[in-house]
Amino acid sequence: MIRTILVAFLIVISLTTHAHDDKKKNEIDKQAIVNIIAGIKFGWENGDGKPFRKNFLDFEGARYIESGGQNAGLDSLVNHHVEPEKDAMEYLTIDYENIEVNFEEGRKFAWVIADSAVAGKVKKSGYAFDKTGYQTFLFRKINDHWKVVHTHSSTRNKRPEKSNKH
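Not measured: the values here are computed from a predicted model.

A. Summary view of helix H3 (residues 74-88). The end-to-end C-alpha distance of H3, which contains 15 residues, comes to 20 Å, matching closely the 21 Å that a straight helix rising 1.5 Å per residue would cover. When we look at burial in H3, the residues that qualify are Leu 74, Ser 76, Leu 77, Val 78 and Val 82.

B. Expanded view of the pairing of strand E5 (residues 128-142). Sheet topology note: the strand E4 (residues 109-122)/E5 ladder contains 13 bridges and is antiparallel. Bridged to Phe 109 within E5 is Arg 140. Hairpin remark: E4 followed by E5, antiparallel, with five residues in the connecting loop; positive phi at Gly 126, about 80 degrees. Following E5, the chain reverses through two residues before pairing antiparallel with strand E6 (residues 145-157); Asn 143 in that reversal takes a positive phi of roughly 50 degrees.

C. Geometry of the pattern of salt bridges. By the definition in use, this model includes six salt bridges. Salt-bridge contacts for Arg 107 lead to Asp 29; the nearest nitrogen and oxygen are separated by 2.9 Å. Highlighted residues: Arg 107 in the loop between strand E3 (89-103) and E4 and Asp 29 in helix H1 (residues 2-46), separated in sequence by 78 residues. Taking relative accessible area as the criterion, Arg 107 reaches 17% and is therefore assigned buried. Relative accessible area serves as the criterion here: at 6%, Asp 29 is assigned to the buried category. For the salt bridge of Lys 158 with Asp 130, the shortest nitrogen-to-oxygen distance reads 3.5 Å. In this pair, Lys 158 is assigned in the segment after E6 and Asp 130 in strand E5, connecting sequence segments 28 residues apart. By relative accessible area, which is 45% here, Lys 158 ends up partly exposed. By relative accessible area, Asp 130 is classed as partly exposed at 37%.

D. How the structure looks around the packing of aromatic side chains. As enumerated under the stated definition, the model contains seven aromatic pairs in all. Aromatic side chains Trp 44 and Phe 52 sit 5.4 Å apart centroid to centroid with 80 degrees between the ring planes, which places their arrangement in the edge-to-face category. In this structure, Trp 44 and Phe 52 share a single accessibility class: buried. With 5.2 Å between their ring centres and 45 degrees between their planes, Phe 52 and Phe 56 make a pair best called tilted. According to the relative accessible area criterion, Phe 56 is buried, its value standing at 4%. Here the aromatic residues Trp 44, Phe 52, Phe 56 and Tyr 64 are joined through ring pairs into a cluster of three or more.

What counts, and at which threshold
Along every chain, residues carry numbers that run from 1 in the direction the sequence is written. Residues qualify for local features only when their pLDDT is at least 70, as the model is predicted, and side-chain atom pairs are given and counted only at 80 or more; totals for whole chains, interfaces and linings, by contrast, use all residues. To obtain the side-chain values, all non-hydrogen atoms of the structure were included, while hydrogens and water were left out. Think of it this way: any DSSP run of H or I at least four residues long counts as a helix, any run of E at least two long counts as a strand, and we number them from the N terminus. By this rule the span expected of a helix is its residue count minus one, scaled by 1.5 Å. Relative accessible area decides the class of each residue, using a 1.4 Å probe on protein chains only: under 20% of the type maximum gives buried, over 50% gives exposed, and in between gives partly exposed. Two strands qualify as a pair provided that DSSP identifies no fewer than 2 bridges between them. Salt bridges are defined by distance alone: a side-chain nitrogen of Lys or Arg within 4 Å of a carboxyl oxygen of Asp or Glu. Two rings from Phe, Tyr or Trp (for Trp, the six-membered ring) form a pair when their centres are within 6.5 Å of each other. A pair whose planes differ by under 30 degrees is stacked, one over 60 is edge-to-face, and the rest are tilted.

What follows is the structure in structure tokens.
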């Protein structure tokens with residue numbers, strides 16, 4: 001009887017430890033992904049391609065979607081979109097909130113959805129925009145490092161605040 005209780009106790013301890021380790025690994029991976037997204041935000045706002053080159057998987061067939069347009073491959077995204085915007089914009093701000101990180105079993109693939117807000121002003125035309133929407137990131141874990149394999153952003157002009165006046 002004591003042997004059975006001891007074995008059951010050891011099994012419970014083992015399962016509890018394993019569950020705790022998985023939760024800790026998920027939190028570590030989640031923080032790594034959130035840090036990558038913060039780097040992407042910095043890259044967009046500062047016209048800096050380094051966070052993209054460091055954290056995106058450069059592969060044939062890669063596509064990055066931005067509100068109806070697309071960049072085919074990492075070079076296209078960085079050279080024709082991220083870096084040129086620094087000189088073309090008076091300012092650009094991007095905010096990601098409510099970042100929800102989801103993992104596939106085995107934690108080799110993750111998808112992220114976040115609320116996004118993008119505001120800026122084009123130098124040449126003076127056009128100012130203030131948009132909100134959603135951002136999706138797909139990640140793959142390669143050699144213990146998370147890499148962005150796809151992004152999709154969809155935003156639209158902010159809707160005017162509704163007045164309570166009748």
